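Observations on chain architecture
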Amino acid sequence: MSPRETEWNEPWVKLLPHQAELVETVFSPSSKRIVLLKASAGLGKGVALVAVARRLLQERPNARALFLVPSALRYQFAKMLDDASVPSLLVDRYVFREMLDSAVGQDIWPTGKATVLSIDFAKQPDILDSLVRCHWDILFVDEWHLAGRLRARAFRRIETSANRLVLASATSQNAGVSDVFMPKDMTVVEWRRDQIVDLEGKQLLAAPPRAVHEISYTLDEMELSLRRTVIELCKLLGGSAVIKAFQRKTYIRLLESSPAAIEGALQRLVDRVALPNVPEELSDLLDETEDDDSPTGYSKIRNSEEVARVAEKALHKIEASTSDSKLKAFGELLTGIHAPNAPSRQVVVLTDFVATLFYLAADIEGRGMACQLLHGSMGFEERVRSLELSSTEGGTLVATRAVIGQGIDLRKVTDLVLYDPPLSSAAVEQVLGRFDRIGRTTQLNIHIFTSTNIPEDLLADSLGTIADSSGS
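Residues numbered from 1 in each chain as written. Predicted model: local features only at pLDDT ≥ 70, side-chain atom pairs only at ≥ 80, totals over all residues. Heavy atoms only, no water.

**Focus: the pattern of salt bridges**
Throughout the structure, instances matching the rule amount to 18 salt bridges. Among the salt bridges present, the one from E159 reaches R33, with a minimum N-O distance of 2.7 Å. Taken together, the residues E159 in helix 8 (residues 148-159) and R33 in the loop between helix 2 (17-27) and strand 1 (34-39) connect sequence positions 126 residues apart. D126 is the salt-bridge partner of R93, the closest N and O atoms lying 2.6 Å from each other. (Salt bridge = Lys/Arg side-chain N within 4 Å of Asp/Glu carboxyl O. Helix = DSSP H or I, 4+ residues; strand = E, 2+ residues; numbered from the N terminus.)

If you want it as structure tokens, here you go:
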């Protein structure tokens, strides 16, 4: 028996019926060239994709498989491939240069392996050109719904070099697939949570329905005054209608997140007025944002003196304020959850902004509670250490939404606090799916903050999706 045969015969995992069915669908002669998998996070789509690659290389040892995945999931897929004894290569800029140095000719990509690249690395011009020149037996694109127009253009070029294309999306929506591919060219597979069964045919996801708790808070007059000033500022900012809308939405999100988040944005704006040649990128305030279609440039500020005046006025109001109604409600929530005689609960707090993450951590520690952090600026080993401490020592894990979906086991989390709730139904589905995974046996309590005296237009979509998904 050859070494390769020994690898394939080693036990790996027993695929669940829905996972095994996907593998058969991909290899079925009756399937279309493109297979689109619609599956909520937590249903095991990563394992199923690895199983497809495993079968391909088992049957055709010299084949090539390419995985394009979000940056945060690179190591997760590399580990899953390794666990499945699938020869694989995780490629970054350093590895790519090594491949170039050792290559003979232009075809640098190895055969007999599954190659894993981050989506944003793959779309860089030199990487993209090299990928397009290579022939791929199967191209996998995970989290397709996060693609956006710029990434989709890169996929469109690469997929012309692939025999088969498998798209996986953690949302039941079309996620823009029809904008790139014709529906007649696709075989669609959809996994529904209520239809997933175990090897004995019993319903697998049997945890109690999610419970949604709205935490109300009321802004005081000083907080309302700051809000009016920020809205006044947004009206002064220039740019096209699209840019204006994006800027207003972002500043309001920052304002409703925390004083620390909006203060940082306002100070950057003041600095931009003082140094007009320094561009402002509001999307940089998010932690590892996946949205590459957000406006990335802004027109020269008109009425710069007025903009600076209003921005500094808002900064003075933040400095003079002694209250944060939302933070107060947050503190009361955690105090109740971690009450001395209350049952032990595992809490995760999600925010979109790094400034808010540190702001919340300071408040939690100020209350004498244990706290661990998880954000994009942390190295891989540091993140693993933080997760281990959170699991073994308890307390509260404060994380940015962008990094929470890195293969982290969140099945035992009892309470999810959405300090900055996702604004779209697709984003809500993705976040909740990270917690409501195969193997969860307890109810997930979801806490979301709503103000009693400001408009809820930014929250309406996500609130509706959360309520619908909870069965309430």
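Having seen the structure, we can now continue with the description.
**Observations regarding the sheet that holds strand 10 (residues 371-374)**
Pairing is parallel in the open sheet, where 6 strands are placed in the order 8-13-12-9-11-10. The two strands at the open ends of the sheet, each matched to only one other strand, are strand 8 (211-217) and strand 10. Here the strands of the sheet are splayed against their neighbours by 20° on average, with no regard to which way each runs. The strands that helix 15 (residues 380-393) touches are strand 10 and strand 11 (396-400); relative to strand 10, the one it contacts most, it runs at about 150°. (Pairing = 2+ DSSP bridges. Axes fitted to C-alpha atoms, helices over the stretch in contact; angles between N-to-C directions. Contact = heavy atoms within 4.5 Å.)

**Things to note about the sheet that holds strand 6 (residues 162-169)**
Hydrogen bonds along the backbone pair up the strands of a sheet, which may run parallel or antiparallel. Taken together, the 7 strands give an open sheet; going across it, the order is 3-4-2-5-6-1-7, and neighbouring strands pair in parallel fashion. Strands with a single pairing partner mark the edges of an open sheet, and in this sheet they are strand 3 (88-90) and strand 7 (186-191). Across the sheet, the mean angle from the axis of one strand to that of its neighbour is 15°, orientation sign disregarded. Bridge count between strand 5 (residues 136-141) and strand 6: 5 bridges; the pairing is parallel. From the neighbouring strand, I138 faces strand 6, where its bridge partner is R164. On top of the sheet, helix 2 reaches strand 1, strand 5, strand 6 and strand 7; it is set at about 180° to strand 7, its chief contact. Each of strand 1, strand 2 (64-69), strand 4 (113-118), strand 5, strand 6 and strand 7 is contacted by helix 3 (residues 45-59), which is oriented at about 175° to strand 5, the strand it contacts most.

**Observations concerning the packing of aromatic side chains**
For the structure shown, the criterion picks out 7 aromatic pairs. Each ring, one from Y419 and one from F449, has its centre 5.3 Å from the other, and the planes form 65°; the classification is edge-to-face. Of the two residues, Y419 is situated in the loop between strand 12 (415-418) and helix 16 (425-435) and F449 in strand 13 (residues 445-451); the sequence distance between them amounts to 30 residues. In this structure an aromatic cluster arises from ring pairing among F67, F77 and F140. Cation over ring: K326 sits above Y419, and NZ or CZ is 4.1 Å from the ring centre. (Phe/Tyr/Trp six-rings, centres within 6.5 Å; stacked < 30°, edge-to-face > 60°. Lys NZ or Arg CZ within 6 Å of the ring centre and 35° of its normal.)

**Notes on the nonpolar core**
Residues L22, L49, F67, F77, L81, F140 and W191 are the most contacted members of the largest nonpolar core, which totals 35 residues. When residues of this core are assigned to their parent elements, the largest contribution, 8 residues, is made by helix 3. Setting aside residues up to four positions removed in sequence, W191 forms contacts with H18, Q19, L22, L37, K38, A39, L43, G44, K45, A48 and I196. Counting residues in each nonpolar core, the second largest holds 30 residues, with I34, L66, V95 and A152 among its members. (Core = buried A, V, L, I, M, F, W, Y, C linked by side-chain atoms within 4.5 Å. Buried < 20%, exposed > 50% of the residue type's maximum accessible area, 1.4 Å probe, protein only.)

**With respect to the pairing of strand 11**
The buried count for strand 11 comes to 5 of 5 residues, which makes it a mostly enclosed element. Burial along strand 11 is two-sided: T396, V398 and T400 facing one way and L397 and A399 facing the other are all buried. Pairing of strand 9 (residues 347-351) with strand 11 involves 5 bridges; the strand directions are parallel. Its bridge partner lying in strand 11, T351 is registered against T400. Examined bridge by bridge, strand 10 and strand 11 share 4 bridges and lie parallel to one another. Residue pairing across strands places L374 opposite A399, the latter belonging to strand 11. Handedness of the crossover joining strand 10 and strand 11 through helix 15 is recorded here as right-handed. (Right-handed = clockwise from strand over helix to strand, strands pointing away.)

**Focus: unusual backbone geometry**
Of note, the phi angle at S85 is positive, near 60°, even though the residue is not glycine. Following the sequence through the fold, S85 ends up in the loop between helix 4 (74-83) and strand 3.

**Here's the deal with the side chain of S31**
Along the chain, S31 falls in the loop between helix 2 and strand 1. Reaching out from S31, the side chain makes a polar contact with the backbone oxygen of T25 at a distance of 2.4 Å. Ignoring any residue separated from it by four or fewer positions in sequence, one finds S31 in contact with T25, R164 and T187. (Polar contact = N/O pair within 3.5 Å; in protein donor to acceptor, adjacent residues only side chain to side chain.)

**Describing the confidence of the model for the chain**
Of the residues in the chain, 82% have a pLDDT of 70 or more, and the chain-wide mean is 82. Confidence drops under pLDDT 50 across residues 289-299; counting only partners more than four residues distant or on other chains, this segment forms 26 contacts. (pLDDT = per-residue confidence, 0-100.)

**Quick word on the side chain of D415**
Its place among the elements puts D415 in strand 12. Here the side chain of D415 touches T414 through a polar contact of 2.7 Å, side chain to side chain. Among residues more than four places away in sequence, those in contact with D415 are I337, R345, Q346, V347, V348, L444, N445 and H447.

**Section: a nonpolar patch on the surface**
On the surface, Y75, F380 and V384 cluster together into a nonpolar patch covering about 270 Å² of accessible area. With respect to the secondary-structure elements, V384 resides in helix 15. (Patch = residues over 30% accessible without salt bridge, like charges linked within 9 Å, V, L, I, M, F, W, Y side chains within 5 Å. Areas by Shrake-Rupley, 256 points an atom, 1.4 Å probe, with all protein chains shown as cover.)

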